[in-house]
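Fold and contact review
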Amino acid sequence: MDPRRVRSTSPVPGHVAIVMDGNGRWATRQGLTRARGHVAGEKALSQVVEDAVEIGVRHLTVFAFSTENWCRPAAEVDFLMTLMQRTLRNRLQRLHANAVRIRHLGRRTGLPPTLVSAIETAERLTADNDRLTLSLCLDYGGRAELVDAARRIAEDAAIGTLDPASLDIPTFARYLYAPDLPDVDLFIRTAGEQRISNFLLWQCAYAELVFVDTPWPDFDRRHLRQAVEIYATRNRTFGTVEDPGRSAARSAPGRQPCTSTNAP
Ligand code: FPP
């Protein structure tokens, strides 16, 4: 069965997505440079990956660098690129030993070649790992992902390999950066902001949103567990209602059959 079609109602979210916000504010508050905030953020991420494995999360997707982050000061952009490359190199063996699969989501063409090469090495080495998939969103934007998908769909339609009339939700999803990435179950954003900020727009269609005030460098296993506990209390209906008569009503004469798969 296509894993994207399995909607999680388990108390443990299968797919957790995190906007790791607040590195800069965390650093500034302590009189440190923003770079030090990102270093602390990287440490927090490494720990959260281990905690997610322990909890039984299967997919962890993190927003590490957005399509909009290029507008930051050049020195900060350079620092982040170097930090990510260093992280991939230094943490790779441990992640591999923990059966974590690493992959990149986003546009690769604007990234420094040395970072792309570190990503490719990590992706190759960990390709068969299946305990947790860690998707690193770098030069990623939800709108860019949808535009890139739409462009490829239009190209396929133009050369006749895709019939526009056959385009439906599962077909569209096959053109996303990672077609096998399931819908997000739990979306977490740190540092008090309550926005999605162009992150996984397609995949978050039915995500449960949890916002925490803690800045990312201070986020640890207690916060992750708390977010999972909040998630477990949510009533996920995916646009339907909890009504035992529902299936009877659906099959009543004259009604359209409910083929609905709003989410892939
Ligand atoms: C947002 O905080 C954070 C980022 C734009 C970068 C995230 C990067 C890391 C956590 C470090 C390493 C990541 C990897 C994948 C190795 P902000 O800078 O916007 O904070 P602010 O809103 O307080 O200024």
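Attention here is on the structure that accompanies the text. (Residues numbered from 1 in each chain as written. Predicted model: local features only at pLDDT ≥ 70, side-chain atom pairs only at ≥ 80, totals over all residues. Heavy atoms only, no water.)

A word on the site of the ligand
Residues in contact with the ligand amount to 19 residues; listed here are only the nearest, Asp 21, Gly 24, Arg 25, Arg 34 and Arg 72. Within the side chain of Asp 21, an N or O atom sits 3.1 Å from an oxygen atom of the ligand. Residue Gly 24 places a main-chain N or O atom 3.0 Å away from an oxygen atom belonging to the ligand. Contact with the protein chains removes 91% of the 620 Å² of surface that the ligand exposes when unbound. Secondary structure elements with two or more residues in the shell around the ligand: helix 1 (23–29), helix 2 (34–55) and helix 3 (74–97). With 5 residues, helix 2 is the single largest residue contributor to the shell around the ligand. (Near = heavy atom within 4 Å. Polar contact = N/O pair within 3.5 Å; in protein donor to acceptor, adjacent residues only side chain to side chain. Areas by Shrake-Rupley, 256 points an atom, 1.4 Å probe, with all protein chains shown as cover. Helix = DSSP H or I, 4+ residues; strand = E, 2+ residues; numbered from the N terminus.)

Focus on the sheet that holds strand 2 (residues 59–66)
The 6 strands are arranged 3-4-2-1-5-6 in an open sheet whose pairing can be described as parallel. Edge positions in the sheet fall to strand 3 (100–105) and strand 6 (208–211), since each has one partner strand and no second. Between one strand axis and the next, the sheet turns by 20 degrees as a mean value, whatever way the strands run. Where strand 1 (residues 15–19) meets strand 5 (residues 186–189), 4 bridges bridge the pair, whose relative direction is parallel. If you follow Ile 18 over to strand 5, its bridge partner there is Ile 188. This element, helix 4 (residues 113–126), spans strand 3 and strand 4 (132–140) of the sheet and lies at about 140 degrees to strand 3. (Pairing = 2+ DSSP bridges. Axes fitted to C-alpha atoms, helices over the stretch in contact; angles between N-to-C directions. Contact = heavy atoms within 4.5 Å.)

Here's the deal with helix 4
Taking 1.5 Å as the rise per residue, helix 4 with 14 residues should run 20 Å; its terminal C-alpha atoms sit 20 Å apart, in good agreement. The set of residues buried in helix 4 consists of Leu 115, Val 116, Ala 118, Ile 119, Ala 122, Glu 123 and Thr 126. Buried residues in helix 4, looked at end-on, bunch into an arc of 160 degrees, giving them a common side. Across helix 4 from its buried face, at more than 90 degrees, point the exposed residues Pro 113 and Arg 124. (Expected span 1.5 Å × (residues − 1). Buried < 20%, exposed > 50% of the residue type's maximum accessible area, 1.4 Å probe, protein only. Arc of directions from axis to C-beta.)

A closer look at the side chain of Asp 51
Position of Asp 51 among the secondary structure elements: in helix 2. With near-sequence residues (within four places) excluded, Asp 51 lies in contact with Asp 220, Arg 221 and Leu 224.

Considering the environment of Arg 174
Considering the arrangement of structural elements, one finds Arg 174 in the loop between helix 6 (169–173) and strand 5. Among the residues examined, Arg 174 registers a relative accessible area of 48% and is labelled partly exposed. A sequence separation of 25 residues divides Arg 174 from Ala 149, and the C-alpha atoms of the two residues are 8.5 Å apart.

Any link to function would need more than the numbers given here.
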